[in-house]
Amino acid sequence: MRLTFKDVTASYNGRPVLAGVSLSLGPGLWLFTGPNGCGKSTLLRCAAGILRPRSGRVRLLPRDAREEIDAWDDPTAYRWHLGYAPQELLDLPETTAGRYLAYLAALKGVRPACRPERVAAVMAQVSLPDGEVPAFSTGQRRRLALAAALLNDPDLLILDEPTQGLDPDELVRLRLLLVELAADRIVLVATHLPEALSGCADGHYTITAEGVNRVGDPA
Amino acid sequence: MEIRLEEVTKTYSGGVRALDDLTLTIPRGMFGLLGPNGAGKTTLMRILVTLLEPTAGRITIAGIDRLREPHRVRQIIGYLPQEFGFYRRLTAREYLEFAAGMKGLPPAQRRRQVDELLVRVNLDRDARRPVGGFSGGMKRRLGIAQALLGDPRVLVVDEPTAGLDPEERIRFRNLLTELAGDRVILLSTHIVADVESACSALAVIDRGRLRFTGSPGELARQAEGRVWQLTVPARDFERLRGGLRIVGARRVGDDMELRVLSAENPLGQGTPLAPTLEDGYLALMEGVPA
């Protein structure tokens, strides 16, 4: 299992933010930090196949696979291995968490016969009680977004600012969950609060105008 | 100069008791307010800034009776709420001049104060740009400038660092520390590190009740002798999670390095660690399992 960025160049609002980024990441928890506007979200969006790099390649070698999948050449296959929870919490419909996740499972192409089991599994995984979504706390909403990203049991999980709005207790819960999830998948997390997660991460990268650097590596 | 709350209770019309017999003194300087989501932090702040009336209790702010003289309180208090709307097309200067007018500052003072505040929050060079193009950090700094119009002696800021990047967060924290010298600044936050580095005193509230008040060091000491490092085989992690209060974990090869809160040495194999403020908070909030 491996995610590879090769010479990835990308722009945000017409402004170049990533210039020739090359990275190779295996299973584990990988943090990305940097000032607002530095390209963190852009990097994650390239990894999620939402934003097309101006040049370069993003490829994923899934679990037990022999060949890499290119995020842009074969988006359907790529997305089958991907879970993505964006920074913005959606205004969720007036429904229950269970029904909402069952609907998303259908959209993600989970087979009808497997859906109830998958929904129950991801809710248990993130310790989410079933209930009316509009009454959920911020922490529960974040967990719901994470559960949605896990529906297809992805090899590559991408989380943009998952700590935002979490109180210290919820933060501990997220930390342990991420460690567990990262044991056998690639987890990319963009965060403004690296100190909250760095103790459990396998690596920490900073993104600046000069490029992507691993924290702790000699410059 | 201080804020004194005595037996303050707030019950919302639906019967939810957001504050429950809260007695607390907030001294001069930076004072942190920590607590889980729904603890009553925002309710407390909204009562102080006269946007909400308590159901019972007494409050004085710098000697002024908050309940009898809310108009006088408004003259000495500035507020930066969690969600803050701007007119996107106004420039920073236009926005502050508008806010100064709304606050009733005499025209002669407006221009001078707006100029001073723009420098103070380091936005003087961006004063002519429309606010719509500002970063999150710049908007927060403009929000603080707005709250400082009229030179309030008390400043109330609700979750000011949410969404700021690490550099902006430190800059914003330093700005608050600088302002705190001769003021009371009440800072509500989820981010324990902000309290640790900026506040000389803090309170923890939970379900409307005061759970702790003291210095950051005193809160950390709530977990004294109860924080352990424990290394276990990774395959045991899942099983141990049920029985141990694990607050941190890191995979090292086939092992897991755990940070555990426990009154006794976990499995007899732990190495004691010095408690952090977060450990103290977590220990306080749940009582440490034996």
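Sequence order as written defines the numbering, with residues in each chain counted from 1. Ligands are numbered from 1 and chains lettered from A, in the order in which they are written. With the structure being a predicted model, the display of local features is reserved for residues of pLDDT at least 70 and the display and counting of side-chain atom pairs for 80 or more, all residues being used for whole-chain, interface and lining totals. Side-chain numbers here rest on the full set of heavy atoms in the structure, without hydrogens or water.

1. Considerations on the state of the cysteines
We call a pair of cysteine sulfur atoms a disulfide whenever their separation is within 2.5 Å. Per the counting criterion, the structure on display carries zero disulfides over all chains. Here Cys-46 of chain A is not disulfide-linked; the sulfur of Cys-38 of chain A is the nearest cysteine sulfur, at 13 Å.

2. Focus on the sheet that holds strand 11 (residues 227-233) of chain B
As summarised here, the arrangement of the four strands in space is 12-13-11-14 (chain B), forming an open sheet in which the pairing is antiparallel. The outermost strands of the open sheet, each flanked by one partner alone, are strand 12 (245-252) and strand 14 (271-272) of chain B. Any two strands with at least two DSSP-identified bridges between them are counted as paired. Each helix corresponds to a stretch of at least 4 residues labelled H or I by DSSP, and each strand to a stretch of at least 2 residues labelled E; elements are numbered beginning at the N terminus. In this sheet, strand 13 (residues 255-261) of chain B lies alongside strand 11 of chain B in antiparallel orientation, the contact comprising seven bridges. Looking at the pairing, Gln-229 of chain B lines up with Arg-259 of chain B of strand 13 of chain B. The contact rule is simple, with two residues in contact once any of their heavy atoms fall within 4.5 Å. Here the axes come from fitting lines to C-alpha atoms, over the contacting stretch only for helices, and the angles between their N-to-C directions go from 0 to 180 degrees. Contacts between helix 6 (residues 168-181) of chain A and the sheet are confined to strand 12 and strand 13 of chain B, with strand 12 of chain B contributing the most and set at about 30° to the helix.

3. Observations regarding unusual backbone geometry
Most peptide bonds adopt trans geometry, and most residues besides glycine take a negative phi value. Residues and elements named next belong to chain A. The backbone of Asp-153 sits at a positive phi, close to 50°, despite the residue not being glycine. Take Asp-153: it is sitting in the loop between helix 5 (138-150) and strand 7 (156-160). The backbone of Glu-161 shows a phi angle near 55°, a positive value even though the residue is not glycine. Tracing the backbone through its elements, the reader meets Glu-161 in the loop between strand 7 and helix 6.

4. Considering the interface of chain B and chain A
Listed by partner, the interface residues are 28 residues for chain B and 28 residues for chain A. Across the chain B to chain A interface the summed buried area is about 2,200 Å²; carbon plus sulfur atoms make up 52%. Here, a salt bridge means any Lys or Arg side-chain nitrogen found within 4 Å of an Asp or Glu carboxyl oxygen. Where chain B touches chain A, the interface holds four salt bridges. Salt-bridge contacts for Glu-180 of chain A lead to Arg-241 of chain B; the nearest nitrogen and oxygen are separated by 2.1 Å. Pairs of N or O atoms are called polar contacts if they sit within 3.5 Å, as long as, within protein, a hydrogen donor faces a hydrogen acceptor (for residues adjacent in sequence, only side-chain-to-side-chain pairs). Remark: the boundary between chain B and chain A carries eleven residue pairs in polar contact (both at pLDDT 80 or more). Contributions of two or more residues to the side of chain B that touches chain A are made by helix 6 (166-180), helix 7 (192-198), helix 9 (237-243), strand 12 and helix 10 (277-286) of chain B. It is strand 12 of chain B that contributes the most residues to the side of chain B that touches chain A, seven residues altogether. Residue composition of the side of chain B that touches chain A, by class: 13 nonpolar, five polar and ten charged. In short, buried area is how much 1.4 Å probe accessible area vanishes from two parts on joining, totalled over both. For this classification, the nonpolar set comprises Ala, Val, Leu, Ile, Met, Phe, Trp, Tyr, Cys and Pro, the charged set comprises Asp, Glu, Lys and Arg, and every other residue, Gly included, is treated as polar.

5. Some thoughts on the confidence of the model for chain A
The pLDDT averaged across chain A works out to 89; a share of 98% of its residues lies at or above 70. The predictor attaches a confidence to each residue, and that confidence, scored 0 to 100, is pLDDT. At the level of individual helices and strands, chain A shows its lowest average pLDDT in strand 10 (residues 211-214) of chain A, which scores 86, and its highest in strand 8 (residues 186-190) of chain A, which scores 96.

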